[in-house]
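# Geometric and topological summary
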There are 2 protein chains.
Amino acid sequence: MGVRPRVVIIGSGFGGLNAARALKSAPVDVTVVDRDNYVGFWPLLYQVATAGLGADDIAYPVRATYAGHPNIRVRLATATGVDLDARLVHLDGHDSLPYDFLIVSAGSSTTDFGLPGVSEHTFALKTLPDAVRLRNHILTMFEHADAGSGERGALIIVLVGGGPTGVELAGALSELISRNLSRDFTHLDVTRARVVVVEKADRLLPGFSDRSAATALAALVRKGVEVRFGVRLAGVDARGLTFEDGSSLDASTIIWTAGVAASPLAGGLAAERGRGGAVVVRADLSVAGHPEVFVVGDLAAASGRDGRPLPQLAPVAIQGGRHAARTIRRQLSGRPSRPFRYHNHGIMATIGRREAVAELPGGLHLAGTLGWVAWLVVHLFFLVGFRNRIVAFVNWAWNYLTWDRASRVILDDGRRITDRWAP
Amino acid sequence: MGVRPRVVIIGSGFGGLNAARALKSAPVDVTVVDRDNYVGFWPLLYQVATAGLGADDIAYPVRATYAGHPNIRVRLATATGVDLDARLVHLDGHDSLPYDFLIVSAGSSTTDFGLPGVSEHTFALKTLPDAVRLRNHILTMFEHADAGSGERGALIIVLVGGGPTGVELAGALSELISRNLSRDFTHLDVTRARVVVVEKADRLLPGFSDRSAATALAALVRKGVEVRFGVRLAGVDARGLTFEDGSSLDASTIIWTAGVAASPLAGGLAAERGRGGAVVVRADLSVAGHPEVFVVGDLAAASGRDGRPLPQLAPVAIQGGRHAARTIRRQLSGRPSRPFRYHNHGIMATIGRREAVAELPGGLHLAGTLGWVAWLVVHLFFLVGFRNRIVAFVNWAWNYLTWDRASRVILDDGRRITDRWAP
């Protein structure tokens, strides 16, 4: 075993997972490092936050992915740094992993743009615990309002950022409120609830066409979502948001989906950094001066054939992970690297039941029910390989047929999420 | 509305839920008080703890149960006390609820018998967060052992108490380890793992026949579970357990299923207390001197037709809740109360795949596959009325057919469960 080249993969998101899978039968010893023991199907994370799916429905144990492939090891740890010269990955604790090849797929997080109060008073939606925490909080706010102990803004939910996450969440939240919570809370005037999207730019869905953005906006407005453009935030506190023009908005729930920040690992990988701090990579996704180190997914600032930066999407990470694995195989057999070519299968965002926008290759734009069906087909296709696809599908089908959202349970870990709203 | 009698129900477990359902169309205003917004299907809680089902699979939003019945309100709060003379239920915060009729179904918890260290160093299995916490912890212990950072006893799981919970958990844990974790952890010698049941008495399953107890013991032993009888615990600490004979056992996971303690509410309800502090009730389940106050389920010390105390089982709570509701209806129409008659449909405990013991009325004892089928039928029957029955059934069927346990994900809320075991 020890004489075989050692490949370390940091992160088992879409990039790392597909890199490891592509090395299952390669003559290498692979170690996948991740702080979680599961792979999440992140495109459906907003469904967990809005009680459409249970947390376990979109998580799959990472070890089960590699069962029967003893050349792949899993290490549950956080990678804290990379020593490119010594070829070592440092882990939390005092441990480190030596490597001959390294694939970094550590993803991205949001940035607060230096605005005060964001980390203390807003909810993120990047991880499974994030989604459960958000679901718990929103349901708890409705409970407080029902008990008469809700403060001003108790039923106001603000989403900062009009990208796909903000749009999908806003649509799903408005359906959760108008379809489910309005029935659950018989004695509460649920029409008081507001879902507000605040966006710095003057349109939704950056990366999509103007037409899709307009379609999404119209769909959100039809659902009763308020969308505010050209908003300049000044800060966030326990009461709500304040804006640069001096106005403010009380809100019990502020969800932060704006901005992109690269993993802190980026600093140790390259001097040259791209948008949001991502690592500028060479054509084969390797790092300058280190042909044995690859960066894939959100953490990589890569360019497409047209020279434009590749978007931060699951397909880019999936294809990047596979490309890095292939390149390692080529290097091991003495063949030269090939440049990474991203195959665009389209982008899509769902605004709710029978409402989605999809932009497919060849300029084909879909919207409404047709867009939603396209979105459904693609996501079911991607769920293949995820063991939970059956359960997720049953939940989803039930949800669709009955408008029910069975997971609207407050799974509290013994402590309240925000004590300031407690009665 | 205000002129109708007010019924307050404390607890929406099996007792409270069925009492409220039975009052859906009664000329009363009902308020159900519970600290959780969901009803749990507790007989399958051990499946969540052992990764067979997701947490959301056995939880159903309590408000959805009463949708369309505006005479039933739900109040998310903890009842802290009852003032029998003023007819008030005190809630956490400074609120209180007046009542004309009161049904208390506050359940039970475990007791540590005054042993040192139990609350700090053992896991309970009474709530959904308990189950998720336990699942997280056990999986984390295996991760630490795999990373070489597990201390002595890292893979030793001890269950204190040989009742149904201890037996069901022990069987499911041994299957989780031998069938799933042994494949997940390719590089770890999983045969090092031990599941140990320690029991004060000299047999398992109090309340069951000697024959069933012997069958369960044989099934556990076949699965590799160690069962120790006549064990006298001296205390529990961070390292493991110490016994009265001076010996000790290192263990990273100690699960406490022993003893029964009544809800603290019992103190305010009656002077006379039965086994485990339960409230001694009259034949119609009302409290002495207060025909308008009923205690049902685990909190009630009621007797069966034969004068023997009724067991703490879901069917007793279900039937008790319905009886209290019926008695309120009778009182409102001027009819006298009737005594509660418990209809015994049998008791059962599952030890694992195709292994269960069931004791049905008429002296019919089932074991092995037949007992397991009986257990399955009864639990599927009870799951009817739970919206998640489809998902739970799919998960379960998958689990059975493939030996898979898809929920073995460590859903960590950002903090480690037990820092002492961290590397």
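Residues numbered from 1 in each chain as written. Chains lettered and ligands numbered in written order. Predicted model: local features only at pLDDT ≥ 70, side-chain atom pairs only at ≥ 80, totals over all residues. Heavy atoms only, no water.

With that settled, consider helix 7 (residues 210-222) of chain B. Residues and elements named next belong to chain B. Helix length check: helix 7, at 13 residues, gives a terminal C-alpha distance of 18 Å against a target of 18 Å (1.5 Å per residue), a fit within 8%. The inward-facing, buried residues of helix 7 abut helix 6 (164-184), strand 13 (226-228), strand 23 (347-352), strand 24 (355-360) and strand 25 (364-366). Taken from the residues just after helix 7, G224 is the one with a positive phi, measuring 90°. (Helix = DSSP H or I, 4+ residues; strand = E, 2+ residues; numbered from the N terminus. Expected span 1.5 Å × (residues − 1). Contact = heavy atoms within 4.5 Å.)

Here the focus is the packing of helix 5 (residues 128-146) of chain B against helix 6 of chain B. All names here are of chain B. Relative orientation of the contacting elements helix 5 and helix 6 amounts to 40°, with a least axis distance of 13 Å. Looking at the two axes, helix 5 sits oblique to helix 6. Both helix 5 and helix 6 take part in a crossing whose hand is right-handed. On helix 6, the residues touching L134, I138, L139 and F142 of helix 5 are L169, L173, I177 and L181. In terms of residue class, the contact of helix 5 with helix 6 is made up of eight nonpolar, no polar and no charged. (Axes fitted to C-alpha atoms, helices over the stretch in contact; angles between N-to-C directions. Parallel < 35°, antiparallel > 145°, perpendicular 65-115°, else oblique. Left-handed = near helix turned anticlockwise from the far one by under 90°. Nonpolar A, V, L, I, M, F, W, Y, C, P; charged D, E, K, R; others polar.)

Residues and elements named next belong to chain A. Taken in spatial order, the three strands of this open sheet run 6-7-8, and their pairing is antiparallel. Each edge of the sheet is formed by a strand with only one pairing partner; in this case those strands are strand 6 (79-83) and strand 8 (96-98). Across the sheet, the mean angle separating the axes of adjacent strands is 20° when strand polarity is ignored. Sheet topology places strand 6 next to strand 7 (residues 88-91); four bridges connect them, and they run antiparallel. Along strand 7, the bridge assignment pairs A79 with L91. (Pairing = 2+ DSSP bridges.)

Residues and elements named next belong to chain A. With five of six residues buried, strand 24 (residues 355-360) is to be regarded as a mostly interior element. Strand direction decides the pairing type here: strand 23 (residues 347-352) and strand 24, joined by five bridges, are antiparallel. Directly across from A349, in strand 24, lies its bridge partner V357. Between strand 23 and strand 24, which pair antiparallel one after the other, the connecting turn spans two residues, and R354 there sits at a positive phi close to 60°. Pairing geometry for strand 24 and strand 25 (residues 364-366), over three bridges, is antiparallel. Paired with A358 across the bridge in strand 25 is L366. As consecutive antiparallel partners, strand 24 and strand 25 are separated by three residues, and within that stretch G362 has a phi angle of approximately 85°, a positive value. (Buried < 20%, exposed > 50% of the residue type's maximum accessible area, 1.4 Å probe, protein only.)

A few words on the pattern of salt bridges. Residues and elements named next belong to chain B. What the rule picks out here adds up to 28 salt bridges over all chains. Between D95 and R75 there is a salt bridge, and its shortest N-O distance comes to 2.7 Å. Placement of D95 in the loop between strand 7 (88-91) and strand 8 (96-98) and of R75 in strand 5 (residues 72-76) is noted, with a sequence separation of 20 residues between them. The exposure class of R75 is buried, given its relative accessible area of 14%. One salt bridge in this structure joins E292 and R87, with 3.3 Å as the shortest N-O distance. Taken as a pair, E292 in strand 21 (residues 290-295) and R87 in the loop between strand 6 (79-83) and strand 7 lie far apart in primary sequence, 205 residues in all. By relative accessible area, which is 6% here, E292 ends up buried. (Salt bridge = Lys/Arg side-chain N within 4 Å of Asp/Glu carboxyl O.)

These values are about where atoms sit, not about what they do.
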